[in-house]
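One letter stands for each residue in the lines below.
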Amino acid sequence: MTSDERHRLSCRTEPLPGGGLRVLAPAKINLNLLVGPKREDGYHPLDSLVAKVTLFDTIEIRPQEEAGIGFACGGADCGEPARNLAYRAAALLAQGSTQPLPGVHITLEKAIPPGKGLGGGSSDAAAVLHAMNVFWRLRRTAGELMSLAAQLGSDVPLFLGPPACRMTGRGEFIEPLAVAPFFAVLVLPDCQCATPLVYRAFDDAPQPMGRQLDIPLVQRPVAQWRGLLTNQLGPPARRVSPPLAALWDELSAASQIPVYLTGSGSALFLLCDSATEAIAALARLPAAIRPSCRVVQNCAW
Ligand code: C5P
């Protein structure tokens, strides 16, 4: 959907005193993730049902006197600033501008742990594209921003889209998806799964792409469909990270409901229909694992 102007950009932005903006960048979970054998361009065809959830990074954008883009990041290891996807999003947007742009300082506070398949870096990049378009008054259309998003990474476009979507192509085609309200117990293991390694492990034993769910089903209470989900990156992620495989087995044995991997991992999740059910599901997990869990809901935007 790189050039679809029908799309309404979906980001939560509020003004800051002094002419700045604060924007929240949500995490995502892949409810269902189907993957096909590698294409000629090196990417894999995807068909995924994705929902944004209420775990947020916070981005603040403030005017600065000096020209250019200042960047600071805290809350997690953000790597080298110039390689951070949020910084690169602002730089890419600036590149296409013919007018001189006012200096800006971007502060990113991470709450979404990296390397867990929750899309934090991609969400930050989408939030920066959206907010800097407003801040610099660039008037880029939704389609133009979607196209820049796809250049930054396969998971970036979905974060400019609706609260839940069906994502296809290599990630650039986004269709809105109606999903029942849910609560999810997110398990955030210590281990990280590097996405390219998981895809490489998939290529070692490539599988044909599975069949997508009957889409309207996901509007029903989650108890009716949570047993039907698949993540085709699950088996390769288990091979890449034996500690993840062990944890996943331990949680599945303790939990009375299915435990799924999001994206290429390493975060796992359990879907519930209510807060009460989520709290009960959390209480059934081993005590040592509970501190690394968060209860989240679908994001409303
Ligand atoms: O697009 P992005 O840079 O986020 O992708 C990171 C890595 O994930 C790629 O280098 C590739 O190994 C893998 N990938 C893939 N097929 C996709 C999306 C990502 O193989 N559809």
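To keep things clear, this report deals only with the structure shown in the data block. Computed from a prediction, not measured in an experiment: that's the story for all the values here. (Residues numbered from 1 in each chain as written. Predicted model: local features only at pLDDT ≥ 70, side-chain atom pairs only at ≥ 80, totals over all residues. Heavy atoms only, no water.)

### Remarks on the site of the ligand
Alright, step 1. Around the ligand sit Gly42, Tyr43, His44, Leu46, Gly153, Ser154, Arg170, Thr195, Pro196 and Tyr199, and that is every residue in its neighbourhood.
Alright, step 2. Here an oxygen atom of the ligand and a side-chain polar atom of His44 are 2.6 Å apart.
Alright, step 3. Take Arg170: an N or O atom from its main chain is 3.2 Å from a nitrogen atom of the ligand.
Alright, step 4. The fraction of the free accessible surface of the ligand (450 Å²) that becomes covered by protein chains is 72%.
Alright, step 5. Class assignment for the residues of the shell around the ligand results in 4 nonpolar, 5 polar and 1 charged. (Near = heavy atom within 4 Å. Polar contact = N/O pair within 3.5 Å; in protein donor to acceptor, adjacent residues only side chain to side chain. Areas by Shrake-Rupley, 256 points an atom, 1.4 Å probe, with all protein chains shown as cover. Nonpolar A, V, L, I, M, F, W, Y, C, P; charged D, E, K, R; others polar.)

### Re unusual backbone geometry
Alright, step 1. Cis geometry marks the peptide bond from Gly265 to Ser266; its omega dihedral reads 15°.
Alright, step 2. Within the secondary structure, Ser266 is located in the loop between β9 (260-261) and β10 (268-272).
Alright, step 3. Phi is positive for Arg137, which is not a glycine, with a value near 50°.
Alright, step 4. Looking at the element boundaries, Arg137 is found in the loop between α2 (120-135) and α3 (142-152). (Helix = DSSP H or I, 4+ residues; strand = E, 2+ residues; numbered from the N terminus.)

### So, the packing of helix α1 (residues 85-95) against α3
Alright, step 1. The contact between α1 and α3 brings their axes to 11 Å, and the two run at 135°. With respect to each other, α1 and α3 are oriented oblique. Crossing geometry of α1 relative to α3 is assigned as right-handed. Note on element contacts: α3 touches α1 through Leu145, Leu148, Gln151 and Leu152, opposite Leu85, Arg88, Ala89, Leu92 and Leu93. (Axes fitted to C-alpha atoms, helices over the stretch in contact; angles between N-to-C directions. Parallel < 35°, antiparallel > 145°, perpendicular 65-115°, else oblique. Left-handed = near helix turned anticlockwise from the far one by under 90°. Contact = heavy atoms within 4.5 Å.)

### Quick notes on the sheet that holds β10
Alright, step 1. Spatially, 4 strands are ordered β9-β10-β8-β11 in an open sheet, and the strand pairing comes out antiparallel. Only two strands of the sheet have a single neighbouring strand rather than two, namely β9 and β11 (293-297).
Alright, step 2. Against the sheet, helix α7 (residues 275-284) contacts β8 (183-187), β10 and β11, and its axis sits at roughly 25° relative to β8. (Pairing = 2+ DSSP bridges.)

### What about the environment of Leu24?
Alright, step 1. Here Leu24 shows up in strand β2 (residues 20-35).
Alright, step 2. Of the residues examined, Leu24 reaches a relative accessible area of 26% and is grouped as partly exposed.
Alright, step 3. Considering only alpha carbons, one finds Leu24 and Glu60, 36 residues apart in sequence, at a separation of 8.9 Å.
Alright, step 4. When near neighbours in sequence (up to four residues on either side) are disregarded, Leu24 contacts Arg12, Phe56, Asp57, Thr58 and Trp301. (Buried < 20%, exposed > 50% of the residue type's maximum accessible area, 1.4 Å probe, protein only.)

### As for the pairing of strand β5 (residues 104-109)
Alright, step 1. Burial along β5 is one-sided: Val104, Ile106 and Leu108 are buried, and none of His105, Thr107 and Glu109, which face the opposite way, are.
Alright, step 2. Where strand β3 (residues 46-63) meets β5, 6 bridges bridge the pair, whose relative direction is antiparallel. Of the residues in β5, the one forming a bridge with Ile59 is Leu108.
Alright, step 3. In this sheet, β5 lies alongside strand β4 (residues 69-74) in parallel orientation, the contact comprising 6 bridges. Following the sheet pairing, Cys73 is matched in β5 by Leu108.
Alright, step 4. Regarding the hand of the β-α-β motif, the stretch spanning β4, α1 and β5 is left-handed. (Right-handed = clockwise from strand over helix to strand, strands pointing away.)

### Some thoughts on the state of the cysteines
Alright, step 1. Applying the stated criterion across every chain yields a total of 1 disulfide.
Alright, step 2. Covalent S-S linkage joins Cys73 and Cys78, the inter-sulfur distance amounting to 1.8 Å. The sign of the -55° torsion about the S-S bond sets the Cys73-Cys78 disulfide as left-handed.
Alright, step 3. A disulfide-free cysteine, Cys191 has its sulfur positioned 5.6 Å from the sulfur of Cys193, the nearest such atom. (Disulfide = S-S within 2.5 Å.)

### Section: the pairing of β8
Alright, step 1. Counting buried positions along β8 gives 5 out of 5 residues, so the element sits mostly inside the fold.
Alright, step 2. Side chains Phe183, Val185 and Val187 project from β8 onto one buried face, and the interleaved Ala184 and Leu186 project onto a second face that is buried too.
Alright, step 3. One ladder, built from 5 bridges, connects β8 with β10; its direction is antiparallel. Across the sheet, Phe183 pairs through a bridge with Cys272, a residue of β10.
Alright, step 4. Across 5 bridges, the pairing between β8 and β11 is antiparallel. Counted as the bridge partner of Val187 is Cys293 from β11.

Functional significance is not addressed by these values, which are geometric in nature.
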